[in-house]
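Structure assessment
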Amino acid sequence: MPRWTQPQRVTSGRRRKPEIGVDPGRRGARGNLRVVFPAPPDAEPTAPGAVRQPDRHGRGCGGAAGPRGPASACGLPGASPGFLPGGQGDPPDNMKSFWRFLFRKSLPSTSLCQVDFAVVGLGDSSYAKFNFVAKKLHRRLLQLGGAALLPVCLGDDQHELGPDGAIDPWLHSLWEKVLGLYPVPPDLGVIPPGVPLPSKFTLRFLQEAPGPCPPEPHAAQADPPSPPSEQRPFLARMVTNQRVTGPSHFQDVRLIEFDTADSGISFVAGDVVLIQPENTARHVQLFCQVLGLDPDQHFTLQPREPNVACPERLPQPCSVRHLVSQHLDIARVPRRSFFELLACLSPDALEREKLLEFSSAAGQEALHEYCHRPRRTTLEVLCDFPHTAAAIPPDYLLDLIPPIRPRAFSIASSLLAHPARLQVLVAVVQYRTRLQEPRRGLCSSWLASLDPGQGPVRVPLWVRPGGLSFPQVPDTPVIMVGPGTGVAPFRAAVQERVAQGQTGNLLFFGCRWRDQDFYWEAEWKELEKRGCLTLVTAFSREQERKVYVQHRLREQGPLVWELLDRQGACFYLAGNAKDMPADVSEALESVFREEGGLSGPEATAYLAQLQRSLRFQAETWA
């Protein structure tokens, strides 16, 4: 079940502190502008494009959020604290300690009286908690005495111009405010917009390919090895890769199983696995051809700034083929900052003119029509601008193209039922736009192309906690609503609970056709026979009027109310974020009114209380 949603990001703040030579009572003194933009492991890094804007105006600091406040200086020129929550309105793991500190009740209301701040959130309005952390952070900073330079800005991926539709005017106003308070010093000029900033790294090509590295000596370890992570993923052997939808079904959905023996990986129902995909060999070859690169040439990577680290996943030395296939996300739809930098690097007048149009505020509709609407990839854009692509200095590759991010999938199996195994349900993303070649999801298409029957297949992966946690109190019933691939985490939950002797499992499952996309039909029916599961199905296309899971919820209203109100059941929802979550919530409130005799406001309050007590949990994706 893919969960590669557009995460929500927040950037905020400018801090005035005595130790950086700022007189709190004197406006216009030179200060620091601090940028911090932590992110969860599967986040797509969109913030740095805006974050690097201060590089043209001065020097400050940037980094990750720490447990006691914004990060210490790490040498990034320019710098304001920023945070990135997940799609459910929760802060990421590497921000939670700072979040808890910020919301301590013991903090005095004057804690930030010497701080001016501004908050911009990057989110997706298809989520119920759109930019939730940005709004909450803005309110909390005000409560602690901070002074808002600007109203909170809520960037939205659903806007026809993307987040830039809101962020462009906000950034313009921000720089007017900041430069009014802290003018650029006379000895430091502003870099003009058309001049590229120095690249973050330099690539030093080797004359000869390096020989094989000698194996590292195995030192005695007092502590057990840490579990796999993004920096040290586990290369899991793919055991099976089976299509589970009918041959005539419009979508290819795969049940994929991995062997996790001796990996140190442990998980429970509700956890997610992160998989690191790679580009196809055909795309790698075309990219190298367009840019005039030798895929077999090796290089070493050197950061220009002393406190900037090289990407941990890139070996040193590294081949161009490895860089392009496993690091550069050439299959993504490029953002506006890509065209801005490309225009700076272009030697061709005609191509540069078009690139400048796409990177300008006035050219965003043209960019939307050219790039975003048809979902044109970075590689396809480079093919459309061949003179510019051939002139790109290799040093700028990592500035121009972001790294491939891992994709998160809900784990669809339990270790109690399948020891040393991990299963995922993957819907292969493929659709058409006006472009000749179909659009394909990078990770799902890559996984679908792997055939363990043709030889050993290894996939880099690791596990982290997900957004669903199932009750630990014995005999607590659970109600699960999982249409389509949203049923994946509930299969893990049912397997885990049945192995523990828990039989109060009510599952609502919906799909189009019983004989085409009824995932795990035989398994569900066997559990029903054993009295371990109550299954309610909705096959939307098998009758004239479409029937969805929310309709079945209303039909089962007496049972749902009995379980929730009298037996203390927990309610879980997983699936597409577009319409289904709102429809299910509306159906629940209808059940509360009809079966519980509640008024409209009382039904809404009842649902809100379930959410606050974590008896209603949802994990959805766009």
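With an unreviewed UniProt entry as reference, the protein is termed NADPH-dependent diflavin oxidoreductase 1, source organism Myotis myotis. In the Subunit (unreviewed entry) part of its UniProt record, the protein is described as follows: "Interacts with CIAPIN1; as part of the cytosolic iron-sulfur (Fe-S) protein assembly (CIA) machinery." Its UniProt record gives the protein a comment under Subcellular location (unreviewed entry), which states: "Cytoplasm, Perinuclear region".

Next up on the list: the nonpolar core. Core analysis: the biggest nonpolar cluster contains 40 residues, and F287, L291, F339, L382 and L397 have the highest contact counts within it. The leading source of residues in this core is helix α7 (residues 336–345), at 6 residues. When neighbours within four sequence positions are excluded, F287 is seen to be in contact with L293, V324, L328, I330, L379, L382, L397 and I401. In this structure, A269, F509, L527 and Y572 belong to the second largest nonpolar core, which totals 32 residues.

So, about the packing of α7 against helix α8 (residues 349–359). Where α7 meets α8, the closest approach of the two axes is 8 Å, and the angle between their N-to-C directions is 145°. Note that α7 runs across α8; the crossing there is left-handed. Contact residues: R336, F339, E340, L342 and A343 in α7; R352, L355, L356, F358 and S359 in α8. Across the contact of α7 with α8, the residue classes tally to 6 nonpolar, 1 polar and 3 charged.

Turning to the pairing of strand β12 (residues 298–303), a few remarks are in order. Strand direction decides the pairing type here: strand β8 (residues 201–205) and β12, joined by 5 bridges, are antiparallel. Opposite T202, over in β12, you have Q302 as the bridge partner. Where β12 and strand β13 (residues 318–319) come together, 2 bridges link them in antiparallel fashion. When the sheet's bridge partners are listed, F299 is paired in β13 with C318.

Looking now at unusual backbone geometry. Residue P317 follows Q316 across a cis peptide bond; omega there is -5°. The residue P317 is located in the loop between β12 and β13 in this model. Of note, N131 is a non-glycine position whose phi angle comes to about 50°, a positive value. Residue position: N131 is located in the loop between β5 (115–123) and α3 (132–143). Phi is positive for L614, which is not a glycine, with a value near 60°. On the basis of relative accessible area, L614 is assigned to the exposed category, the value being 52%.

Ordered in space as β21-β20-β19-β22-β23, the 5 strands form an open sheet in which the pairing is parallel. The open sheet is flanked by β21 (534–539) and β23 (616–621), the only strands paired with a single partner. Strand-to-strand twist of the sheet, defined as the mean angle between neighbouring strand axes without regard to direction, takes the value 10°. For strand β19 (residues 478–481) and strand β22 (residues 570–576), the ladder comprises 4 bridges, and the chain directions are parallel. The partner of I479 across the bridge, within β22, is F571. Sitting on the sheet, helix α18 (residues 580–596) touches β19, β22 and β23, and the angle it makes with β22 is about 150°.

Right, let's talk about the sheet that holds β8 for a bit. The sheet built from 3 strands is open, its strands ordered β8-β12-β13 with antiparallel pairing. At either margin of the open sheet sits one strand with a lone partner, and together these are β8 and β13.

Relative orientation of the contacting elements α8 and helix α9 (residues 364–372) amounts to 105°, with a least axis distance of 7 Å. Between α8 and α9, the angle is such that the two are roughly perpendicular. Together, E357, F358 and S359 of α8 and Q364, A366, L367 and Y370 of α9 make up the contact between the two elements. Here the contact of α8 with α9 is composed, by residue class, of 4 nonpolar, 2 polar and 1 charged.

Turning our eyes to something else, we now look at the packing of aromatic side chains. The full count for this structure, using the stated rule, is 16 aromatic pairs. A cation sits over an aromatic face here: K136 above F103, 5.0 Å from the ring centre.

What follows concerns the UniProt feature "binding site: FMN" (unreviewed entry) in the protein. The UniProt record marks L122, G123, D124, S125, S126, Y127, A128, K129, F130, N131 and D157 with the feature "binding site: FMN" (unreviewed entry), using the residue numbering of this structure. With the annotated positions falling across 36 residues, the maximum pairwise C-alpha distance of 14.4 Å places them together in a single cluster. Residue placement: L122 occurs in strand β5. For L122, a relative accessible area of 10% translates into the label buried. For S126, a relative accessible area of 22% translates into the label partly exposed. When sequence neighbours within four positions are dropped, the list of residues in contact with S126 reads Q158, A577 and A622.

Criteria and cut-off values
- Residues numbered from 1 in each chain as written.
- Predicted model: local features only at pLDDT ≥ 70, side-chain atom pairs only at ≥ 80, totals over all residues.
- Heavy atoms only, no water.
- UniProt positions renumbered as here; feature names shortened; annotations may be inferred.
- Core = buried A, V, L, I, M, F, W, Y, C linked by side-chain atoms within 4.5 Å.
- Buried < 20%, exposed > 50% of the residue type's maximum accessible area, 1.4 Å probe, protein only.
- Helix = DSSP H or I, 4+ residues; strand = E, 2+ residues; numbered from the N terminus.
- Contact = heavy atoms within 4.5 Å.
- Axes fitted to C-alpha atoms, helices over the stretch in contact; angles between N-to-C directions.
- Left-handed = near helix turned anticlockwise from the far one by under 90°.
- Nonpolar A, V, L, I, M, F, W, Y, C, P; charged D, E, K, R; others polar.
- Pairing = 2+ DSSP bridges.
- Parallel < 35°, antiparallel > 145°, perpendicular 65-115°, else oblique.
- Phe/Tyr/Trp six-rings, centres within 6.5 Å; stacked < 30°, edge-to-face > 60°.
- Lys NZ or Arg CZ within 6 Å of the ring centre and 35° of its normal.

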